[in-house]
Amino acid sequence: MSNEVRGLSARYLDAKKALFEKKYGFLNEMQRKAVFTVNGPLLVLAGAGTGKTTLLVNRISFILKYGNAYLSDIVPAGVSEEYIKELESLLQEDEISEETLADFAVAPPAPWQILAITFTNKAANEMKTRLTNIVGESANDVWCGTFHSMCLRMLRSHSKEAGLDNHFTIYDADDSKKVITECMKQLNIDEKTLTAKTVISQISKAKDQLMTPHDFDADISHNDFKMQMISSLYAMYQARLTEAGAVDFDDIIMKTVLMLKTNADVREYYQKKFRYVLIDEFQDTNYAQFELARILSDGYGNLMVVGDDDQSIYKFRGATVENILTFDEKIKNASVIKLEDNYRSTEAILGAANSVIRHNFGRRGKELRACRGPGEKITVKKVETQNDEAKFIVNKIMELIIREKRKYGDFAVLYRVNAQSGALENVFAKSGVPYRLLGGVRFFERKEVKDIIAYLSVVSNGNDNLRLRRIINEPKRKIGEATINQIELLSETVGKSMFSIMESARSYPAVSKSAGKFEMFVYLIYGLRKIAREEGLAKLVEKTIELSGYGEMLRAAEENGESTERSENVRELISYAAEYEHNNENATLEGFLEDIALVADVDNYDASADAVVLMTIHSAKGLEFPVVFLPGMEEDLFPSARSVMEAEELEEERRLAYVAITRAKDRLFMIHTRERLFYGRTMYNPQSRFIGEIAAEYKNEDVPKPKEKPKTEYGEKTRKVRISNELFSRSAISANVGKAQSSVETFRAGDRVKHITFGVGTVLSAKAMGADILYEIAFDNVGTKKLMATYAKLTKV
DNA sequence: AGAGCGAGCGTTTTT
DNA sequence: CGCTCGCTCT
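The text that follows walks through the structure, step by step, so that each part is easy to find. (Residues numbered from 1 in each chain as written. Chains lettered and ligands numbered in written order. Predicted model: local features only at pLDDT ≥ 70, side-chain atom pairs only at ≥ 80, totals over all residues. Heavy atoms only, no water.)

**Some words on helix H2 (residues 29-36)**
Okay, so step 1: Listing the buried residues of H2 in full gives Gln31, Arg32, Ala34, Val35 and Phe36.
Okay, so step 2: Of the residues that open H2, the one with a side-chain oxygen 3.1 Å from the backbone nitrogen of methionine 30 is asparagine 28. (Buried < 20%, exposed > 50% of the residue type's maximum accessible area, 1.4 Å probe, protein only. Helix = DSSP H or I, 4+ residues; strand = E, 2+ residues; numbered from the N terminus. Polar contact = N/O pair within 3.5 Å; in protein donor to acceptor, adjacent residues only side chain to side chain.)

**A word on the packing of helix H8 (residues 173-186) against helix H9 (residues 196-208)**
Okay, so step 1: The contact between H8 and H9 brings their axes to 10 Å, and the two run at 115 degrees. Overall, the two elements H8 and H9 adopt an arrangement that is roughly perpendicular. For H8 against H9, the interelement crossing comes out right-handed. Contact with H8, carried on its side by Ser176, Lys177, Ile180, Thr181 and Met184, involves Ala196, Val199, Ile200 and Ile203 of H9 and no other residues of that element. (Axes fitted to C-alpha atoms, helices over the stretch in contact; angles between N-to-C directions. Parallel < 35°, antiparallel > 145°, perpendicular 65-115°, else oblique. Left-handed = near helix turned anticlockwise from the far one by under 90°. Contact = heavy atoms within 4.5 Å.)

**Here's the deal with the protein's contact with DNA strand B**
Okay, so step 1: Surveying the vicinity of DNA strand B reveals 26 residues, the closest of which are Asn121, Lys476, Gly480, Thr616 and Glu653.
Okay, so step 2: Backbone atoms, meaning sugar and phosphate, form 55% of the atoms of DNA strand B found within 4 Å of the protein.
Okay, so step 3: Side-chain polar atom of arginine 416 to a base oxygen of DNA strand B: 2.9 Å apart, as the coordinates give it.
Okay, so step 4: Side-chain polar atom of glutamate 649 to a base oxygen of DNA strand B: 3.5 Å apart, as the coordinates give it. (Near = heavy atom within 4 Å.)

**A few points about the side chain of glutamine 311**
Okay, so step 1: Along the chain, glutamine 311 turns up in the loop between strand S7 (303-307) and helix H15 (322-325).
Okay, so step 2: At 3.3 Å, the side chain of glutamine 311 forms a polar contact with the side chain of arginine 663.
Okay, so step 3: Among residues more than four places away in sequence, those in contact with glutamine 311 are Ala46, Gly47, Ala48, Gln283, Asp284, Lys621, Arg655, Tyr658, Val659 and Arg663.

**Observations concerning the nonpolar core**
Okay, so step 1: Counting residues in hydrophobic clusters, the biggest one holds 67 residues, and the most contacted among them are Ile279 and Phe327.
Okay, so step 2: No other element matches the nine residues that helix H11 (residues 225-244) contributes to this core.
Okay, so step 3: Among all residues touching isoleucine 279, those that are not within four sequence positions of it are Ile117, Phe147, Thr285, Ala293, Leu303, Met304, Val305 and Val306.
Okay, so step 4: Ranked by size, the runner-up nonpolar core spans 49 residues in total, among them Met502, Val511, Ile531 and Leu573. (Core = buried A, V, L, I, M, F, W, Y, C linked by side-chain atoms within 4.5 Å.)

**Quick look at unusual backbone geometry**
Okay, so step 1: Note the cis peptide between glutamate 474 and proline 475, where omega equals 5 degrees.
Okay, so step 2: Assignment of secondary structure puts proline 475 in the loop between helix H21 (465-471) and helix H22 (481-494).
Okay, so step 3: Residue proline 639 follows phenylalanine 638 across a cis peptide bond; omega there is 5 degrees.
Okay, so step 4: Note that proline 639 resides in the loop between strand S15 (625-630) and helix H30 (647-662).
Okay, so step 5: At leucine 210, a position not held by glycine, the phi torsion is positive, near 60 degrees.
Okay, so step 6: Within the element layout of this structure, leucine 210 appears in the loop between H9 and helix H10 (213-218).
Okay, so step 7: Judged by its relative accessible area of 9%, leucine 210 falls in the buried class.
Okay, so step 8: One non-glycine residue, lysine 405, lies in the positive phi region at around 55 degrees.
Okay, so step 9: Mapping lysine 405 onto the fold places it in the loop between helix H18 (386-403) and strand S12 (411-415).

**A short note on the sheet that holds strand S11 (residues 378-383)**
Okay, so step 1: In spatial order, the strands read S13-S14-S12-S15-S16-S11-S19; together these seven strands make up an open sheet with parallel pairing. Edge positions in the sheet fall to strand S13 (435-437) and strand S19 (699-702), since each of these pairs with one other strand and no more. Adjacent strand axes in the sheet meet at a mean angle of 20 degrees, parallel and antiparallel pairs treated alike.
Okay, so step 2: Sheet analysis places S12 next to S15, joined by three bridges and oriented parallel. Each bridged residue has a counterpart across the sheet, and for valine 413 the counterpart in S15 is phenylalanine 629.
Okay, so step 3: Strands in contact with helix H17 (residues 347-357) are S11 and strand S16 (664-673); relative to S16, the strand with the most contacts, it is inclined by about 55 degrees.
Okay, so step 4: H18 contacts S11, S12, strand S14 (612-616), S15 and S16 of the sheet and is inclined by roughly 155 degrees relative to S16. (Pairing = 2+ DSSP bridges.)

**What to know about helix H3 (residues 52-66)**
Okay, so step 1: Compared with the 21 Å implied by 1.5 Å per residue over 15 residues, the 21 Å span of H3 between its first and last C-alpha is a close match.
Okay, so step 2: Of all the 15 residues making up H3, 13 are buried; the element is thus mostly covered by neighbouring parts of the structure.
Okay, so step 3: Looking one or two places after H3, you find glycine 67, whose phi comes out positive at around 55 degrees. (Expected span 1.5 Å × (residues − 1).)

**Observations regarding the pairing of strand S2 (residues 114-118)**
Okay, so step 1: S2 sits mainly inside the fold: five of its five residues count as buried.
Okay, so step 2: Side chains Ile114, Ala116 and Thr118 of S2 all project onto a buried face; the interleaved residues Leu115 and Ile117 project onto the opposite face, where all are buried too.
Okay, so step 3: As judged from the four bridges shared by S2 and strand S6 (residues 276-279), these two strands associate in the parallel manner. Within S6, the position partnered with isoleucine 117 by the bridge is isoleucine 279.
Okay, so step 4: Sheet analysis places S2 next to strand S3 (residues 143-146), joined by four bridges and oriented parallel. By the bridge assignment for S3, threonine 118 is matched with threonine 146.
Okay, so step 5: Crossover handedness for the path S2 to helix H6 (residues 121-135) to S3: right-handed. (Right-handed = clockwise from strand over helix to strand, strands pointing away.)

This is how it looks when you write it as structure tokens:
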């Protein structure tokens, strides 16, 4: 090769890279680097708000369009001086077309050769939507979903290799617990010796470690009495699931990994298939999930993981931060890229977040850099009770809506435990501020919904003994506990499912006298199976509700004055089925049940609704809000009392605080109370240590003024009212306020008024502020408050 | 079989 | 405080 040609090659490669750099100029340098690094293992440490989803979406679309174009040093044969000049001149253009870049494409994969795994359906859907916006419909063929949905897809295609029935049922946490409780009863284990909760978490841990009941039993560290019991329970539990043709959530992952490990054909099939594997939220993965990622990416070795060790908040349910901390030790030749430019929050908020998280040890070490202005300092507010806390939040929201022209949807109230939501909800409900409460009992966990789903499960899988038990006498069919136990006993001795015993009850003397009742039930299921085959899914759900007598039962309950909520929920399930049918051409009952099992919450947070959102900090991960309130910033609540004993747990709490702080874009309020009623007990806790960890320059401590002596003139008793100098006449206010506010009643100083939250009081002053009126009111029981007319909802008394 | 009542207990949660 | 669970009584 002559010197001249080599020079041309270098110039060609430079021009190519420059063109890509320019095309992706909307990303920062590190993001671009992560997009272009498509070969080999890659760890991206992405701090909060550093554009992680943007990166993932663009990396996938880049791979789809150009494959290995950026890194490749292939130079087309006979590349000419003219051609390179043309490329170089393209660089001067404002816009670089995709066609131009497509010429550089090196072996771009088909969409189905890319596997992108997230933790929640929400994240998966967002990724799909954004990907579709860039690459169009081909995004649908990318394997993009949660760990569980992707594994299920593999298990379904290879159910035989995984040792599963064609129609297996998925048991949720509730189902698992029931099975465990049954097993414990059978083994005569008292809940006082060993709680079902402990057993479940141990089994779950074992499955995370890919330990079968056999492995568990063989583990020498499990030789104490308790572990022996757990070991027997694990074996028994697993046998029950197998009989019922069911898998639990952990099984979905474990069985996939074990199948891939033991079956070379299946393994090689997927290893050849997936040229690129991407895993999101890697800090929340467990051992089994890491193994899965490792095996699936072993064909091409293109495994990219993204995460933030500082946001690992799910250790309590089996996540191992070590996965991300030691990724580059475990996976050879891994590149590491850090994203530290934060586009979300103000300097004050980031400063606070950084100063808190710095107190943790064992970090990868990242420091978020602010790309926005300094912003307002964080407000730390101390109040008396949790009721005052809620009122402070509501008032602040109302104030900021007017002062800063914000929408209700801009606000989030994030708390440590769901039990805090009650006091907040009360005040919100009274104030008239629209709010949405996340958490609590989810739609698919409601009893009536689970019951109907249990019917559908039995229709789909007659072996599902647990679900059969659930509905066999719901509504009442006069099949009592004793009878059911006999069926179960027979089922165990004969080795057939409970349903098949019921089918031929007449031939078993022990239960033959109830055979008539069983037949009714069996025919009900037969009938529903026919409907499942011949009519649509929504029809099936509807007829299940009616033919089972469940609908009748609910209607009867309503006539006795019960709320219509349960009927509504059940009907909601019909619409859900109709929607599923609408969205899936070949909708099957099995697919529907699977969807329900994996898509937990239909009332998911909908950012488009203009309402304040109330939720736990855990649920807020991955979300962002212009204004965030953190109530309950007290020791023993946050950090929780249980965590302060153990350094590791305290660090997890601190990461949780970090997540909470970094949700805020513009404003952050931390509130703590002097006293708090919690589980019926009053606690008096000092402010959270996390407030203390925030450097003073980022926070404003709003220390309550030294106990203001209650001024008698504000009191109900004396009826003396201080009249402010700033008082406007009624007409002056109206004039200032204009037409838009005509529905708001106006008041003048001295008027007695009533506010729905604060009660009765006397107007001290009224002042026009733009289109609104600001009232200062001395409430008889609450002291002085300033209220905006648009939200104050005052009435004359 | 089902109502009624008292004891006990209560992080965080997605799939 | 408010829910669930299990026991007892009808």
